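Chain by chain, the residues run as shown.
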Amino acid sequence: MSIALRTLDDGAWISVNDSRQVSVSDVWTLSCGVFCECEPAYVLLEAFLDVRVDDSIVVAEAVGQCLECGVRDSITRLPVGRIVDGEFESYDPEAVQSVLEPEW
């Protein structure tokens, strides 16, 4: 079964099978050192730039700003959910996330 992923509303939402599932209005908790020096970093996303499936993990490219130190930067591989038995399961933005590093 294929899953249709795309960004909507100028990057404000991630759509899964034509249903808005993940919003930029959430604050994502990222582990130390992956976005800025804050431990952990509380990042308010400003926009999703792209979304794709990497194995069974749904990852987004996004832009955000740390609420503690003010660093504004892009995130190339933010895990926002996963595909299980052909269905999308979103991750909790408040749970500590670790940004996936690109495989070289």
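As a reminder, the structure under discussion sits directly above these lines.
Reference entry: report on the structure contained in this document. Note that this is a predicted model, so its numbers are computed, not measured.

For the rest of this paragraph, the subject is the pattern of salt bridges. Overall, the coordinates contain 5 salt bridges when judged by the stated rule. Residue Arg6 pairs with Asp18 through a salt bridge whose shortest N-O separation is 3.4 Å. Here Arg6, found in strand β1 (residues 5–8), pairs with Asp18, found in the loop between β2 (13–16) and β3 (19–23); they are 12 residues apart in sequence, far enough to count as distant. For Arg6, a relative accessible area of 43% corresponds to the partly exposed category. By relative accessible area, Asp18 is classed as exposed at 64%.

Another point: the nonpolar core. One finds Ile14, Leu30, Phe35, Ala41, Leu45, Phe48 and Val80 to be the most contacted residues of the largest nonpolar core, which totals 24 residues. When contributions to this core are tallied by element, the ones reaching two or more residues are β2, β4 (27–30), β5 (41–54), β6 (57–66) and β7 (72–84). With 5 residues, the single largest contributor to this core is β5. With near-sequence residues (within four places) excluded, Leu45 lies in contact with Val24, Asp26, Trp28, Ala62, Val63, Gly64, Ile75 and Leu78.

Turning our eyes to something else, we now look at the sheet that holds β2. If you walk across this open sheet you meet the 3 strands as β1-β2-β3, and the pairing is antiparallel. Edge positions in the sheet fall to β1 and β3, since each has one partner strand and no second. Averaged over all neighbouring strand pairs, the angle between strand axes comes to 35°, with direction disregarded. Sheet topology places β1 next to β2; 4 bridges connect them, and they run antiparallel. Note that in β2 the partner of Leu8 across the bridge is Trp13.

Along the chain, the position of Thr29 falls in strand β4. In terms of polar contacts, Thr29 uses its side chain to reach the backbone carbonyl oxygen of Glu94, at 3.3 Å. In this structure, Thr29 is in contact with Pro40, Ala41, Tyr42, Pro93, Glu94, Ala95, Val96 and Gln97, ignoring residues within four places of it in sequence.

Before going further, it helps to examine the sheet that holds β5. Strand order across the open sheet formed by 5 strands is β4-β5-β6-β7-β8, with antiparallel pairing between neighbours. At either end of the open sheet lies a strand with only one pairing partner, and these are β4 and β8 (87–90). Within the sheet, the average angular offset between the axes of one strand and its neighbour, ignoring direction, is 50°. Pairing of β5 with β6, which is carried by 10 bridges, proceeds in the antiparallel orientation. Each residue of the ladder has a partner; that of Val53, found in β6, is Val58.

Moving on, we get to a nonpolar patch on the surface. Together, Tyr42, Leu44 and Leu67 make up an exposed nonpolar region whose accessible area comes to about 260 Å². Its location among the elements puts Leu67 in the loop between β6 and β7.

Analysis parameters
Residues numbered from 1 in each chain as written. Predicted model: local features only at pLDDT ≥ 70, side-chain atom pairs only at ≥ 80, totals over all residues. Heavy atoms only, no water. Salt bridge = Lys/Arg side-chain N within 4 Å of Asp/Glu carboxyl O. Helix = DSSP H or I, 4+ residues; strand = E, 2+ residues; numbered from the N terminus. Buried < 20%, exposed > 50% of the residue type's maximum accessible area, 1.4 Å probe, protein only. Core = buried A, V, L, I, M, F, W, Y, C linked by side-chain atoms within 4.5 Å. Contact = heavy atoms within 4.5 Å. Pairing = 2+ DSSP bridges. Axes fitted to C-alpha atoms, helices over the stretch in contact; angles between N-to-C directions. Polar contact = N/O pair within 3.5 Å; in protein donor to acceptor, adjacent residues only side chain to side chain. Patch = residues over 30% accessible without salt bridge, like charges linked within 9 Å, V, L, I, M, F, W, Y side chains within 5 Å. Areas by Shrake-Rupley, 256 points an atom, 1.4 Å probe, with all protein chains shown as cover.

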